[in-house]
Amino acid sequence: MYAIGFPGYNQPMDISHILDPLNKAQRAAVAAPSGPSLVLAGAGSGKTRVLTHRIAYLVRGHGISPHMILGTTFTNKAAREMHGRIETLLQAPFHGMWLGTFHGLCHRILRLHPEAAGLPENFEIVDSDDQLRLIRRVLKNLDLDEKDWPPRQMQWMINQHKDASRRSARLPSGHGGIWEKMLHRVYADYEEVCQKSGLVDFAEILLRTLELFQNNQAIRETYQQRFQHILVDEFQDTNTVQYQWLQVLSARHRNLFVVGDDDQSIYGWRGAKVENILSFEKDFPGANVLRLEQNYRSTGTILTAANAVIAHNSGRLGKNLWTKGSEGSPIRLYDAHTEDDEARFVVEQLRSWIRQGHRRDEAAVLYRSNAQSRVFEQELVRQDIPYRVYGGLRFYERAEIKNALAYLRLLSNRDSNHSFERVVNLPARGIGDKTMGIILEHARLKQVSMWQAGAELIAERGISPRALAALSGFQNLIMQMAEDTAGLGLGELTGHVLKQSGLFAHHKNERGELARGRVENLQELVSAAENFVREENETQDDLSAFLDSAALQAGEGQSEEWEDCVQLMSLHSAKGLEFPLVFICGMEEGRFPNQKSLEEGSLEEERRLCYVGMTRAMQQLVMSRARRRWQYGQSHVNPASRFLAEIPGEYVERIRSPGWDGAESGEVLFRGGTPPQTAGFDGIRLGHQVRHRKFGAGTVVGMEGQGIHARVQVHFADAGMKWLICSYANLEPI
Ligand code: ATP
Ligand code: MG
């Protein structure tokens, strides 16, 4: 029994309230004897709950001081929640326990021992953008052209090495060609720059702590001795460095308690190693392996459907998962015409949910790629429903979107200083801080815009010849763009600007999932422009109106975390969470599973992601797909995701968008709620003349859908052929 300096915890107490709310298998896990333990169990079976209760059990039942416990969670939010639950179970506030993410915990250790870790006391953490800037500087010093040596690719490579605990000095040399040797050089120089300036990137935090433990016996032993119990949630997504660190830290007491699910390993692309689960039994001989099989989260229908999908993966460790809960209602599958139709449907469902008295934050909209959030955001703003993009930025706040908008803004207003500043050297074209300083000073002195200052400096030859060439290159580019895009529609114009500015190519050259997300966001912006329908203000041109609407949407800002608002997030961010109502959108081949996985034939991680998504739902799961989607200014027809076909038909209620094959509207969806107002066609007839506020007069040539989904195709004398949603278009019969 331990009681070092923590009176109150050393007296074993009644722990029935800790063990009683658990089933037999969970109780066995919570009260498992000391030594290494692996709890391997499917989604919603209570792994996180077991971890929480075990901590309380150790403290209350065994008198272990919280000071001697270390727990890791996947996010800080999860750590906060777990802390609160433990406090409730302990029936008292508690302090001294280390509970957080790997990054948070390792950072804390480095702050306590900077010198031993070879860092200055005031070392600074750099985020991913800062890291990129540093890499650029390294490339410049080595005289490497960014075109041949894309900085983001270098960044990806460096982080990969660090996640696998490989230092530049320990990389194999000799075999590689010039390219590889140079990569090593960039890595080595980057390490040196960071070391000299006392900078630490995210991957470094982990690696540096591991090395500290490996190299410094005294510190290692202090922590090994202190942390008598180490508990890890989401173990399937630990990377090599994290696992090695856990091994070192637990070497003395061997009380490493990990919970995980091989079917939910979704961060392989970021260096996570699901194999760590397999290695665990080997690395910790005699480990207690426990399984939990009862799911408490989802209805029978949701669970069976999710199990059926994941059963298509091979190489699983295999689990049985069952529930005593009710069958629940079928999974609703909505077959939308387009992404707008999909968003309207989802938001209509949300409204009906809220009208029934549910909280907004009990509903989550999940998607495969962040770019998909845009249409939902637009519809939620339009319908005035508060929402929060969880684990990311709102669409119009994302850096690549702001860059693109800055180019567009310069087309319509050369004197926009913040736009000028933002993109004058993006992609890099050799306009450095010094030149910018001169431009700023000139603008200030002469009281002119930066654009104007640039033009004057060019005329006066007030900057170095190199900077002069770069700056006039930029100004010519903008003027050329304006000329080339004159008279183009907004969608085409945006696409053209993204191409001509080099932004598309810039992000396409980068590597990794994040870079792909940026390209997708840019493509989504083209779709947004394409589908932009202006509001009143006739005095503005289309581009200015579009830019204003984007600025207004960005200006709304995130709702606060505590506010009751609908949760939007990527499937990855949803890991570990649960919601009574879950939507999974964009269930199409090429989107989910994504294109890359199809090309590489590596579908299993995508399928695990689908399993993670489906098992977030407690009462109702709704999945949707759009038959047609705007992608980079073109309409694509997409087949339904194979994952939908993997769900047995008897668990699915198909809802077809009205208009397809004459199918009826999704009335069934509004059982218990108020049916949507039926805007319908409102007096509009095929072949009749109508008037639109912006497009003028035209003839109705096609009609489909009904109620709020009613759409008409109109041939306008001036604006050509358009599809319009009746409930938004305000068409007047003439
Ligand atoms: P995931 O794999 O998604 O991380 P998990 O295995 O960690 O899931 P938990 O989040 O711990 O599962 O539990 C899922 C839900 O079931 C939670 O709402 C939890 O409170 C509830 N739950 C778990 N065990 C029990 C139990 N014995 N009695 C009642 N509810 C339970
Ligand atoms: Mg969990």
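**Q** I'm lost on the environment of arginine 332 in this one. Help?
**A** Mapped onto the elements of the fold, arginine 332 is located in strand E9 (residues 331-336). Of the residues examined, arginine 332 reaches a relative accessible area of 11% and is grouped as buried. Sequence spacing of arginine 332 and leucine 468 is 136 residues, and the spatial spacing of their C-alpha atoms is 60 Å.

**Q** Can you help me understand the site of ligand 1 in this one?
**A** Lys47, Thr48, Gln264, Glu578 and Arg616 are the nearest of the 19 residues found near ligand 1. A distance of 3.1 Å is found between an oxygen atom of ligand 1 and a backbone nitrogen or oxygen belonging to glycine 46. One nitrogen or oxygen atom from the side chain of threonine 48 is found 2.8 Å from an oxygen atom belonging to ligand 1. In isolation ligand 1 offers 630 Å² of accessible surface; the protein chains occlude 83% of this area. With three residues, helix H3 (residues 47-62) is the single largest residue contributor to the shell around ligand 1. Its residues assigned to classes, the shell around ligand 1 shows four nonpolar, nine polar and six charged. Each of domain 1 (16-110 + 207-292) and domain 3 (296-392 + 561-661) contributes no fewer than three residues to the shell around ligand 1.

**Q** For this particular structure, what's the right way to read the pairing of strand E18 (residues 689-692)?
**A** Within a regular beta strand, the side chains point alternately toward one face of the sheet and then the other, so they alternate between its two faces. Of the two faces of E18, only the one carrying Val690 and His692 is buried; Gln689 and Arg691 on the other face are not. As defined by bridge partners, E18 adjoins strand E19 (residues 696-704) across four bridges and the pair is classed as antiparallel. Bridge pairing in E19 links glutamine 689 to threonine 699. With antiparallel pairing between neighbouring strands as the criterion, E18 and E19 make up a hairpin whose turn holds three residues.

**Q** Would you take a moment to explain the pattern of salt bridges for this structure?
**A** Close approach of charged atoms allows side chains with opposite charge to pair. Overall, the coordinates contain 35 salt bridges when judged by the stated rule. If you follow the salt bridges from partner to partner, you end up with Lys162, Arg167, Glu191, Asp201, Glu204, Arg208 and Glu211 in one network.

**Q** Help me understand the sheet that holds strand E7 (residues 256-260) in this model?
**A** For sheets, the rule is that strands pair by backbone hydrogen bonds, running either parallel or antiparallel. One open sheet holds the six strands; their spatial order is E3-E2-E6-E7-E1-E8, and the pairing between them is parallel. Two strands bound the open sheet, and with one partner strand each, they are strand E3 (98-100) and strand E8 (288-292). Neighbour-to-neighbour, the strand axes of the sheet open up by a mean angle of 10 degrees, direction not taken into account. Taken together, the four bridges between strand E1 (residues 37-41) and E7 define a ladder with parallel strand orientation. Each bridged residue has a counterpart across the sheet, and for leucine 38 the counterpart in E7 is valine 258. The sheet contacts of helix H12 (residues 275-283) involve E1, E7 and E8, and relative to E1 the element is tilted by about 145 degrees.

Reading the values: rules and limits
- Residues numbered from 1 in each chain as written.
- Chains lettered and ligands numbered in written order.
- Predicted model: local features only at pLDDT ≥ 70, side-chain atom pairs only at ≥ 80, totals over all residues.
- Heavy atoms only, no water.
- Helix = DSSP H or I, 4+ residues; strand = E, 2+ residues; numbered from the N terminus.
- Buried < 20%, exposed > 50% of the residue type's maximum accessible area, 1.4 Å probe, protein only.
- Near = heavy atom within 4 Å.
- Polar contact = N/O pair within 3.5 Å; in protein donor to acceptor, adjacent residues only side chain to side chain.
- Areas by Shrake-Rupley, 256 points an atom, 1.4 Å probe, with all protein chains shown as cover.
- Nonpolar A, V, L, I, M, F, W, Y, C, P; charged D, E, K, R; others polar.
- Domains from an automatic or database assignment.
- Pairing = 2+ DSSP bridges.
- Salt bridge = Lys/Arg side-chain N within 4 Å of Asp/Glu carboxyl O.
- Axes fitted to C-alpha atoms, helices over the stretch in contact; angles between N-to-C directions.
- Contact = heavy atoms within 4.5 Å.

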